[in-house]
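Observations on chain architecture
Listed below, chain by chain, are the residues.
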Amino acid sequence: MLAQIIGVLFLGCASHGSSLQLPGIMHVDRNWFASSTDPIGTVVTRVQREITGNESVRFGLETSGPPAPFKIDSASGVVTVNDSLVDKENQSFSLWVTADDGSIPQRLEVLATITDSTGQRPKSLHPPPFGLKNYPNLSDLSNLPPLPKFIRTTQRTTKGYIEETTVPETTPYSTKKPAQDKIAREEIKNNTKVEETHIGNDVSLTVIPLIAIGGLVVIVAAVIIFVCKKNNSNGSKSKKDDMLSEETTISKEDPPDEWEFPRHRLKIFNILGEGAFGQVWRAQAIDIDGKKGEQTVAVKTLKENASEKERSDLLQELIVMKNLGTHPNVVRLIACCTEKEPTLVIMEYVSLGKLQQYLRESRAGRHYGNTHAGSQFLTSRDLTHFAFQVARGMDFLSNKGIIHRDLAARNVLITEERTCKVADFGLARDVAGTHVYERKSDGRLPIRWMAPESLYDDIFSVKSDIWSFGVLLWEIVTLGSTPYPGLSAGDVMRKVRDGHRLEKPDHCRRELYNIMYYCWEAEPSSRPDFKEVVSMLERLLCTEMDYIELERFPDHSYYNVQNLEGEKV
C-alpha cells in the first residue's frame, strides 16, 4: 500500500455563514497503482477523514473522462477494482475523491495508473531499482536510493536497466623467465671472449681470409635482420587488422535499439500539422506498443528541404523522449524508425490537436452561461485545470533535468477527455548535470515567450521555462490570443528588458494574474518552480470561484498575429 499524504481542502463560501464548522482533514493517497492482473474486488487504497461532528461522512469518486475501473464505498472509503483491468494496461485515470458530511464538500484530485503484470510502469528508461510499491512518489527523485557503486551505465540491456561488467585489464607478460634470460646472456658473453682469444692467437696467419669471411658474415647477418624485421612488421599489422575485424564483428552483434519499429508496418494517412521543415502525420501502426492489431499513432518527420541542423534537432528530440518515461500530461514516445531516411518519430495520437487552436475555436460557439455538468463549452474551471495540467507535466520534466525552451499553447496537445499533454521537444535539452543551457546556433525563436536572460544572453533554464509558462497562462485566459498584440519582435524585446509585462486581462481575476506576474520576475531566482505553481493552481481549483469571467471576455480586444518573420508563433 502506498504511503499516505495529507490534503487539506478549504472550500470557502460566504453563503454558509460565519458559524459554519470547518471540515475535518481528509487522508488520501495522491497516486494509486493497480496491476492489470488484479481481479475485481481487489482493494486499491482507503480514504479516511477525521470526524468533526455528529454527521456521517459520505465518500464519492468522480471523473471528467471515460469511466474509471474503480469504485469507492460511500461509508468506509475503501477503493476497490470494479472492472477487468486486463485491457487497460499502462493507462492512467485522473479522478476526484469527494467527501461530504452535510456541511462543506471536499474534492481532491488523484492519479490512478494500471501497471503491467510485473508491477512496473511502462517504458521508463530509469525505473527505481527496487520496485514501484516502495517508492510511490516517482516525481520526487531525491527519495530514490543511489545505484550500487558496481553498476555502470554504458551498455543497454533492456529498456529499463543499463549495466556494464568491469573486468581487470590483462597485462602483457614475457615468455622467458628472468633466470633463463641471465643464463643466455652469460653464454653469449663467454663465447665472445673465447672467439676473440682464438682470433688474436692466429691473426698473423689468417688476416686476409678472416677479413673476407667477416665481411661476408656481416652482409648475411644484415640481410637476415632486415627480413626478420619486415616479417615481424607484417605480422603485427596482420594481428592489428584481425583485432579491428574482431571488434567490428562484436559491434555488429550488439543488441538493436528496442525502440526501433519496422516502417513497413506503418500506414500513413492525413497530415495533422506542419512547420517550415517538419510534419506530423496520422498513421496506423500494426502490432505496436505491445498490442495486437492496428493502433492510431502520430508520426513526426522532416520535409525534404530540411537542413542538417533540423535533422540534428529531430534526433535530439528523440533522445530526450527516450529518456523521459511516462506521465499523463506529457506526450509519450511509442517507437521510432532511424535505420534509414527519413527518420520517423512515432508518438501517441492526441485527437483534439493543439491547445492554442482548440482555445481559438472555442470562441466561435461560446455560450458560457451554461455551466452545468457535461456542458460542451469551456468554463473558468476548465481553463484553470488546463493550466494546472500543463504545470504538472512541466514539473515532471524539470524533475527529469529537462528544459523545454519552447513552452507555448501551440506545443500543448489536448485529448477528447480534455487532458493536456506537453509536446514538441525539438528545442528541449537534457541539463541534468548543469541545470543551464547556452544556445550556440541561430534559428527562429519564440521571442514573445522568452525570458530576458534568454533573449539577451542565450541562457535557458527551468526558470526561463517558468517565464514561458506565465505567457502560456495568459494565452489560456485570452483563449489563444498572441502575446504583446500590436508590438513587433524588436519592441517586445526592448519592453521586456525595460520591465514591461503583459497587462492583466479585464476578465481575469487578480488571484490568477498574480501567478502570471510571479513567473515574470526579472531575476530568475525570484521566480517560483513548477512544484510551487502546481500548488498555487491547485488551491484555486479547490474553491468554487470563477477566476476567469468568460461572460466578460472582450470579443475584439485581442487578436491573433500570424507568420511574424523570424519568430515562432
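On a predicted model such as this, the values are computed, not experimentally measured, just so you know. (Residues numbered from 1 in each chain as written. Predicted model: local features only at pLDDT ≥ 70, side-chain atom pairs only at ≥ 80, totals over all residues. Heavy atoms only, no water.)

For the rest of this paragraph, the subject is the overall build of the protein chain. In terms of helices and strands, the protein chain carries nine helices and 23 strands. The buried share among the 569 residues of the protein chain stands at 42%. For the protein chain, the exposed surface amounts to about 31,700 Å²; the carbon and sulfur share of it is 54%. (Helix = DSSP H or I, 4+ residues; strand = E, 2+ residues; numbered from the N terminus. Buried < 20%, exposed > 50% of the residue type's maximum accessible area, 1.4 Å probe, protein only. Areas by Shrake-Rupley, 256 points an atom, 1.4 Å probe, with all protein chains shown as cover.)

Here the focus is the nonpolar core. Within the largest apolar cluster, 79 residues are counted, with the highest numbers of intra-cluster contacts made by F386, F469, L512 and L537. Setting aside chain neighbours within four positions, we find F469 in contact with A387, V390, A391, L407, C519, F530, V533 and L537. Counting residues in hydrophobic clusters, the runner-up holds 22 residues, among them F59, F70, I72 and L85. (Core = buried A, V, L, I, M, F, W, Y, C linked by side-chain atoms within 4.5 Å. Contact = heavy atoms within 4.5 Å.)

One open sheet accounts for four strands, arranged β3-β10-β9-β6; its pairing is mixed. Strands at the two margins of the open sheet, each flanked by one partner only, are β3 (31-35) and β6 (58-63). Direction aside, neighbouring strands of the sheet carry axes that sit 30° apart on average. Strand direction decides the pairing type here: β3 and strand β10 (residues 106-115), joined by five bridges, are parallel. (Pairing = 2+ DSSP bridges. Axes fitted to C-alpha atoms, helices over the stretch in contact; angles between N-to-C directions.)

This model, assessed by the stated rule, comprises zero disulfides. In this model C336 remains outside any disulfide bridge; the closest cysteine sulfur is found in C337, 6.8 Å from its own. Residue classification places C336 among the buried residues on the basis of a relative accessible area of 0%. (Disulfide = S-S within 2.5 Å.)

To continue, consider the packing of aromatic side chains. Tallying each qualifying case throughout the model produces seven aromatic pairs. When the centroid spacing of 6.0 Å and the interplanar angle of 85° are considered together, the rings of F469 and F530 count as edge-to-face. Remark: F530 occurs in helix α9 (residues 530-541) and F469 occurs in helix α6 (residues 462-477); sequence separation between them is 61 residues. Judged by relative accessible area, which is 0%, F469 ranks as buried. Taken together, a centroid distance of 6.5 Å and an interplanar angle of 65° make the contact between Y517 and W520 edge-to-face. Pairwise contacts between aromatic rings join W32, F70 and F93 into one cluster. Positioned over the ring face of W96 is R107, at 4.4 Å from the centre of the ring. One residue, R381, lies across the ring of W96, its end atom 5.4 Å from the ring centre. (Phe/Tyr/Trp six-rings, centres within 6.5 Å; stacked < 30°, edge-to-face > 60°. Lys NZ or Arg CZ within 6 Å of the ring centre and 35° of its normal.)

Turning to the confidence of the model for the protein chain, a few remarks are in order. Put simply, the protein chain has an average pLDDT of 74, and 65% of its residues get 70 or more. Here residues 191-206 is modelled with pLDDT under 50, and outside its nearest four sequence neighbours on either side it reaches one contact, counting other chains as well. Low confidence marks residues 236-253, where pLDDT is under 50. Its contacts with residues over four positions away, or in another chain, come to zero contacts. (pLDDT = per-residue confidence, 0-100.)

Right, let's talk about the side chain of S36 for a bit. Its location among the elements puts S36 in the loop between β3 and β4 (43-46). Contact partners of S36, with chain neighbours within four places excluded, come to L85, V86, E89, I114, T115, D116 and S117.

Glancing now at the sheet that holds strand β7 (residues 70-72). The antiparallel open sheet is built from three strands, whose spatial order is β4-β8-β7. On the outer flanks of this sheet lie β4 and β7, each paired with one strand and no other. Averaged over all neighbouring strand pairs, the angle between strand axes comes to 20°, with direction disregarded.

Quick look at the pattern of salt bridges now. Following the criterion strictly, the structure yields 21 salt bridges and no others. Across the pair R58 and D100 runs a salt bridge whose closest N-O atoms are separated by 3.7 Å. With R58 in strand β6 and D100 in strand β9 (residues 92-100), this pair connects stretches of sequence that are 42 residues apart. According to the relative accessible area criterion, R58 is partly exposed, its value standing at 45%. Residue D100 is classed as partly exposed on the basis of its relative accessible area of 26%. (Salt bridge = Lys/Arg side-chain N within 4 Å of Asp/Glu carboxyl O.)

Let us look at the pairing of strand β8 (residues 78-81). In this structure, β4 lies alongside β8, joined through three bridges in antiparallel fashion. Directly across from T45, in β8, lies its bridge partner V79. As judged from the three bridges shared by β7 and β8, these two strands associate in the antiparallel manner. Pairing of I72 across the sheet is with V79, part of β8. The hairpin turn running from β7 into β8, its antiparallel successor, is five residues long, and G77 in that turn takes a positive phi close to 80°.

With that settled, the discussion passes to α9. A rise of 1.5 Å per residue sets the reference length of α9, with its twelve residues, at 16 Å; its end C-alpha atoms lie 16 Å apart and thus fit the reference within 8%. Those residues of α9 that sit buried are F530, V533, V534, M536, L537, E538, L540 and L541. Close packing links the buried residues of α9 with β10, α4 (380-399), α6 and α8 (510-519). Put simply, D529 is the residue that caps the front of α9, since its side-chain oxygen is 3.3 Å from the backbone nitrogen of K531. (Expected span 1.5 Å × (residues − 1). Polar contact = N/O pair within 3.5 Å; in protein donor to acceptor, adjacent residues only side chain to side chain.)

On the surface, I219, V223, F226 and V227 cluster together into a nonpolar patch covering about 390 Å² of accessible area. A relative accessible area of 56% places F226 in the exposed class. (Patch = residues over 30% accessible without salt bridge, like charges linked within 9 Å, V, L, I, M, F, W, Y side chains within 5 Å.)

Before going further, it helps to spend a moment on the pairing of strand β15 (residues 294-302). Burial analysis of β15 places seven of its nine residues in the buried class, the great majority of the element. Pairing geometry for strand β14 (residues 278-286) and β15, over nine bridges, is antiparallel. If you follow R282 over to β15, its bridge partner there is A298.

Let us look at unusual backbone geometry. Backbone torsion omega between E341 and P342 reads -5°, so that peptide bond is classified as cis. With respect to the helices and strands, the residue P342 is situated in the loop between β16 (333-337) and β17 (344-348). Phi angles above zero are rare outside glycine, and L479 is one such case at about 55°. Along the chain, L479 falls in the loop between α6 and α7 (489-497). Of note, Y484 is a non-glycine position whose phi angle comes to about 50°, a positive value.

A separate point is the packing of α6 against α8. Between α6 and α8, the least distance of the axes is 7 Å, while the angle of their chain directions is 150°. It follows from the interaxial angle that α6 and α8 lie roughly antiparallel. Crossing of α6 over α8 shows left-handed handedness. The residues of α8 that touch α6, namely those facing I466, W467, F469, G470, L473, W474 and V477, are L512, I515, M516 and C519. Looking at the contact of α6 with α8 residue by residue, the classes come out as ten nonpolar, one polar and no charged. (Parallel < 35°, antiparallel > 145°, perpendicular 65-115°, else oblique. Left-handed = near helix turned anticlockwise from the far one by under 90°. Nonpolar A, V, L, I, M, F, W, Y, C, P; charged D, E, K, R; others polar.)

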